[in-house]
Every structure is written in structure tokens, then in C-alpha cells.
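Architecture at a glance
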Amino acid sequence: MPDNRERKTLLLTGASRGIGHATVKRFSSAGWRVITCSRHPFPEECPWSAGEDDHIEVDLSDPNSTIDAVAEIKSRLTDGKLHALVNNAGISPKGPEGERLDTITTDLRTWGHVFHVNFFASVVLARGLFDELKAAQGAIVNVTSIAGSRVHPFAGAAYATSKAALAALTREMAHDYGPHGIRVNAIAPGEIETAILSPGTAKLAETLPLRRLGKPEEVARTIYYLCTPESSYVTGVEIEINGGQHV
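This text gives an overview of the structure that appears in the document.

Calculation rules
Residues numbered from 1 in each chain as written. Predicted model: local features only at pLDDT ≥ 70, side-chain atom pairs only at ≥ 80, totals over all residues. Heavy atoms only, no water. Pairing = 2+ DSSP bridges. Helix = DSSP H or I, 4+ residues; strand = E, 2+ residues; numbered from the N terminus. Axes fitted to C-alpha atoms, helices over the stretch in contact; angles between N-to-C directions. Contact = heavy atoms within 4.5 Å. Buried < 20%, exposed > 50% of the residue type's maximum accessible area, 1.4 Å probe, protein only. Right-handed = clockwise from strand over helix to strand, strands pointing away. Phe/Tyr/Trp six-rings, centres within 6.5 Å; stacked < 30°, edge-to-face > 60°. Lys NZ or Arg CZ within 6 Å of the ring centre and 35° of its normal. Salt bridge = Lys/Arg side-chain N within 4 Å of Asp/Glu carboxyl O.

**Comments concerning the sheet that holds strand S1 (residues 9-13)**
A sheet is described by the order of its strands in space; here 7 strands give the open sequence S3-S2-S1-S4-S5-S6-S7, paired in parallel fashion. Edge positions in the open sheet fall to strand S3 (55-57) and strand S7 (238-241), since each of these has one partner strand only. Averaged over all pairs of adjacent strands, the angle between their axes in this sheet comes to 15°, without regard to strand direction. Relative to strand S6 (residues 183-189), helix H7 (residues 216-226) is tilted by about 170°, and along the sheet it contacts strand S4 (84-87), strand S5 (139-143), S6 and S7.

**Remarks on the pairing of S4**
The alternating pattern of S4 places Ala84 and Val86 on one face and Leu85 and Asn87 on the opposite face, and all of these are buried. Pairing of S4 with S5, which is carried by 4 bridges, proceeds in the parallel orientation. Bridge pairing in S5 places alanine 84 opposite alanine 139.

**Focus: the pairing of strand S2 (residues 33-38)**
A regular strand places its side chains on the two faces of the sheet in alternate fashion. Of all 6 residues that make up S2, 6 are buried, and the element is covered over most of its length. By the bridge criterion, 5 bridges tie S1 to S2 in an arrangement that is parallel. Looking across to S2, one finds that leucine 11 is bridged to isoleucine 35. Following the backbone out of S1, through helix H1 (residues 18-29) and into the adjacent parallel S2, one traces a crossover that is right-handed.

**Details of the packing of aromatic side chains**
A full pass over the atoms with the stated rule returns 6 aromatic pairs. On the basis of an interplanar angle of 90° and a centroid distance of 4.8 Å, the ring pair of phenylalanine 27 and tryptophan 32 is categorised as edge-to-face. You'll find phenylalanine 27 and tryptophan 32 in the same group, each marked buried. Between phenylalanine 27 and tyrosine 224 the ring centres are 5.1 Å apart and the planes differ by 75°, which places this aromatic pair in the edge-to-face class. Of this pair, phenylalanine 27 sits in helix H1 while tyrosine 224 sits in helix H7, placing them 197 residues apart in sequence. The positively charged end of arginine 26 is found above the aromatic ring belonging to tyrosine 224, 3.9 Å away from the centroid.

**Re the pattern of salt bridges**
Applying the stated criterion to the full structure yields 6 salt bridges. Of the charged contacts, one joins lysine 81 and glutamate 6 as a salt bridge, the two residues approaching to 3.2 Å between their closest N and O atoms. With a gap of 75 residues between them, lysine 81 in the loop between helix H2 (63-76) and S4 and glutamate 6 in the segment before S1 connect regions that are remote in the sequence. Judged by relative accessible area, which is 27%, lysine 81 ranks as partly exposed. What makes glutamate 6 partly exposed here is its relative accessible area of 39%. Here aspartate 54 and arginine 33 are joined by a salt bridge, their closest N and O atoms 2.9 Å apart. On the criterion of sequence distance, the pair formed by aspartate 54 in the loop between S2 and S3 and arginine 33 in strand S2 is long-range, its members being 21 residues apart. Accessibility classification places aspartate 54 together with arginine 33 in one group, the buried group.

Shown next, in the form of C-alpha cells:
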């Protein structure tokens, strides 16, 4: 990028595969610096520049680990600005045979684990990095799910309710952060073609109006839009990316 232009910074959770991986590539191709967070070390197959140097290992299921990560992230933002935060990390535990866990079969400890990763981590990161987001007049994108608004054949009850809570959080944050110049939106993907598809998803795609699975890069393009001036008057919304699955 030209020397007289400010290089923007994205913080992304859940970057190592699927939608997260595609999101890093989309922002990197536009010249953004991308700081990634994951419970795993930086994966060698990820091709973006400075990836290993800008990767932070954090267990988002552990509140103390997440709080510690905020301090580490702040230390890496030498100009005190964060232009975008994308809360993409999410887990959806299954039963011993890969079955969906419902409200009867989900262990209470599993409920807590899922909510820490899928919901509370987003609160901790957004609140902990509020000053940096304000300084950049930045944007937050929370990745919810179609499962947050209807019972899904594969996504479990804990996952679905955590994503519904994240959608509600998006509205609350848009209200609270807006006066400070920070926009907050959500995207709700449907059936996206990733390496961890549940058996039967391809069959489900045959019933969708577009008759196909979504691609991670299609989701990444929408995330990018919500983090750029092209969406400068958009806040407090949840964009559904599901090939018409909601109609």
C-alpha cells in the first residue's frame, strides 16, 4: 500500500480453517495487517505474510486466557488502533456417534464451554479493545449462524442458543458502541462448504433455493464489506448468508 495511507489492522478469532481462513486471505489481499487468535499454533499451510508473527495462541474457553490475550493484543497495536474485530471462533460439540446434542443430552459443563467460546469471548475482546476500536472508528463483526434462529438438524442446542445470544449482543453493542463511532454487525451463515461439514449437509443443500452450499470466500466478502467504508451507515444488523435457506 502507498506510504501515505494508514495500514489497517484486523483481529480475527477462529482463523485457521473455513470461513476464518478465507477471511484472512480476503483482508490480506487488500493490504490489511491481520492478527489471528486460536487455541492452536499458527498452521504452516496458511499462506498469508507475517502470519506466524501476528498469531496469538489463546484458549477462548478460559476467561483468564482471553483476558491475558487482550493485554498481548494491545501490546502489538503500536499505534493504538484496531480497525476491525471479527469474532468468528465457534464450537459445536457432537455426541459419541456424531449426533446432535439437544437440551436434554447436553452436559452442563458443555453448555459452559460452548458459551465461553461462542459468546463470552466476544464480550471480553470487544470490551477489552474498546479504546483501540474507538481510536480507529472501527467495526465489529460477530459471526452467528442460521441455527441461532431455528432448530437445525445438525447444530446442537448449546451452539444454537449461544449464537442467538451473540445476535442479541450485536444489537446491544451497536446501541452502546455507536455513539463512539464503532459499528457492530453480524453475519449468519447457513450451509457453508468447509472441511468439517456434518454428514447429510450436501443433501440438505439440494433443498435450498440456490441448490448448492455456500463458499467460505462468499462469506468473507460480506465480512470485508461490513468492515469498510462501503458500509459506513450500516450497524446493528445481522446479514443472512444462506442461499435462501431462511425463506
